[in-house]
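# Structural overview for review
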Amino acid sequence: MTARRPWEDGFSLADFLRHLSPSLKGRSCDTCGRGHSSLPPSPRDAVLPEDRSIMGSPLKSLVHDDDRYQRSFHLFLERSSEHQCMRDFIHSKLPDILSSIGDGKSHLNVIGVGSGAGEIDLEMLNELHKKHPGVTVDNEVVEPSSQQLHNYKVLVSQKPELNYIKFTWNKMTASEFEERWKLSETTKKADFIHMIQMLYYVKDPGATISFFQSLLDKNGKLLIILVSGESGWGKLWRKYRHELCNTEISQCVTTGDIKSLLDSKGVSYHSFDLPSQMDITECFTEGDEKGELLLDFLTEVLDFNKTASPELKDGVLELLRHPDCSMESEGRVIFNNNLGVIVIDKPN
């Protein structure tokens with residue numbers, strides 16, 4: 001439940017590399033989740049993505065150094081309000097969304113795509129239980145990381161009050177889950193499906209959304225959370241997509257992109273804005289260790305400050321400080337980390 005990274009929270013670089021397939025070379029990974037869970041695809045014979053050469057300077061993805069990634073990611077969590085804005089949404093807006101699902105059934109089916117260690121899943125399930133206190137729940141957990149699934153299981157074992165939920169553990173990616181589901185020819189439908197911070201890591205976000213929407217039962221809801229197209233991330237990616245977005249690992253996709261896709265297909269949806277911010281002041285102090293870690297996280301480039309060309313570095317720093325991306329308050333530079341929520345109903 002957090003930043004858009006496929007190898008965090010116990011999912012090591014070695015795990016990530018094991019999940020990178022040579023067959024995906026030149027394409028975005030078909031994966032499952034960003035910080036809420038953020039996990040890459042399941043493969044075989046992993047290879048590292050090649051370096052990106054930008055203006056003559058080779059740039060390596062941050063995934064090449066798991067220790068540095070972990071430090072930059074945890075600094076991001078420390079400096080941002082991302083976790084809190086998600087929780088605020090879950091406790092204030094989600095209950096109304098969940099109130100109409102189920103159509104009076106005594107049993108509900110839930111699918112969590114990229115569930116990570118389960119903290120956010122359980123908060124959503126708790127809100128579901130409050131709205132439908134008498135029902136039992138079948139919860140399909142889709143998660144490629146063994147460590148994350150283990151952590152989730154430990155968390156569940158500490159909460160005996162969850163005995164109304166049957167957990168089914170699926171150690172696989174979203175695409176593997178889709179393939180297995182189709183092969184099973186099951187007629188089972190879902191009342192609530194959530195995909196939090198995971199569409200950055202699928203090969204075809206539109207196809208992924210269409211498949212999971214097709215699983216919805218009457219009054220079912222599909223919940224998607226991504227960074228907002230109007231966030232600083234969206235502005236950064238629009239200007240420096242070619243330089244910074246390594247599509248062998250992830251895609252620079254925002255809620256704005258998903259809305260445009262849904263609009264083009266005539267799919268109706270509801271959307272919500274989740275205001276979030278991140279203090280990036282140290283990024284503008286030359287040689288500041290925390291600033292360099294934050295720059296790595298923002299650009300997804302290992303040692304960006306040292307390896308980017310002067311032109312790219314100056315351009316990125318100028319944009320990060322620009323009012324389009326950040327505001328200045330009491331001497332601090334506050335980056336726009338806004339998220340967006342999209343809720344889709346069962347197709348007509």
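Described below are features of the structure shown in this document. Because the structure is a prediction, the values reported are computed rather than measured.

Each helix and strand counted, the protein chain has 13 helices and 12 strands in total. The 348 residues of the protein chain split such that 58% are buried. Look at the contacts in the protein chain between residues 6 or more apart in sequence, and 81% of them connect residues 24 or more apart. As displayed, the protein chain offers around 14100 Å² of accessible surface, 48% of which is attributable to carbon and sulfur atoms.

Counting across every chain of the model gives 20 salt bridges. We note a salt bridge from Arg 68 to Asp 303, for which the minimum N-O separation is 3.4 Å. Taken together, the positions of Arg 68 in helix α2 (residues 66-79) and Asp 303 in the loop between α11 (289-299) and α12 (304-307) put the pair 235 residues apart, joining distant regions of the chain. The class for Arg 68 is buried, based on a relative accessible area of 9%. The partner of Glu 178 in a salt bridge is Lys 182, with the nearest N and O atoms 2.7 Å apart. Note that Glu 178 and Lys 182 are positioned in helix α7 (residues 174-184) at a spacing of four residues, about one turn of the helix. Judged by its relative accessible area of 19%, Glu 178 is buried. Overall, the relative accessible area of 51% leaves Lys 182 in the exposed class. Connected through salt bridges with shared partners, the residues Glu 78, Arg 79, Asp 279, Glu 282 and Arg 332 form a single ionic network.

Spanning 13 residues, helix α9 (residues 232-244) covers only 14 Å between terminal C-alpha atoms, well under the ideal 18 Å at 1.5 Å per step. Turning to α9, its buried residues number three or more, namely Gly 232, Trp 233, Gly 234, Lys 235, Leu 236, Trp 237, Tyr 240, Glu 243 and Leu 244. Where α9 starts, the residue carrying a side-chain oxygen 3.3 Å from the main-chain nitrogen of Trp 233 turns out to be Ser 231.

Spatially, the three strands line up as an open sheet ordered β9-β11-β10, and their pairing is antiparallel. A single partner strand is all that each edge strand has here, and the edge strands are β9 (277-279) and β10 (326-329). Averaged over all neighbouring strand pairs, the angle between strand axes comes to 30 degrees, with direction disregarded. With four bridges joining them, β10 and strand β11 (residues 332-336) adopt antiparallel strand pairing. Residue pairing for β11: Ser 329 is matched across the bridge by Arg 332.

Thresholds applied
- Residues numbered from 1 in each chain as written.
- Predicted model: local features only at pLDDT ≥ 70, side-chain atom pairs only at ≥ 80, totals over all residues.
- Heavy atoms only, no water.
- Helix = DSSP H or I, 4+ residues; strand = E, 2+ residues; numbered from the N terminus.
- Buried < 20%, exposed > 50% of the residue type's maximum accessible area, 1.4 Å probe, protein only.
- Contact = heavy atoms within 4.5 Å.
- Areas by Shrake-Rupley, 256 points an atom, 1.4 Å probe, with all protein chains shown as cover.
- Salt bridge = Lys/Arg side-chain N within 4 Å of Asp/Glu carboxyl O.
- Expected span 1.5 Å × (residues − 1).
- Polar contact = N/O pair within 3.5 Å; in protein donor to acceptor, adjacent residues only side chain to side chain.
- Pairing = 2+ DSSP bridges.
- Axes fitted to C-alpha atoms, helices over the stretch in contact; angles between N-to-C directions.

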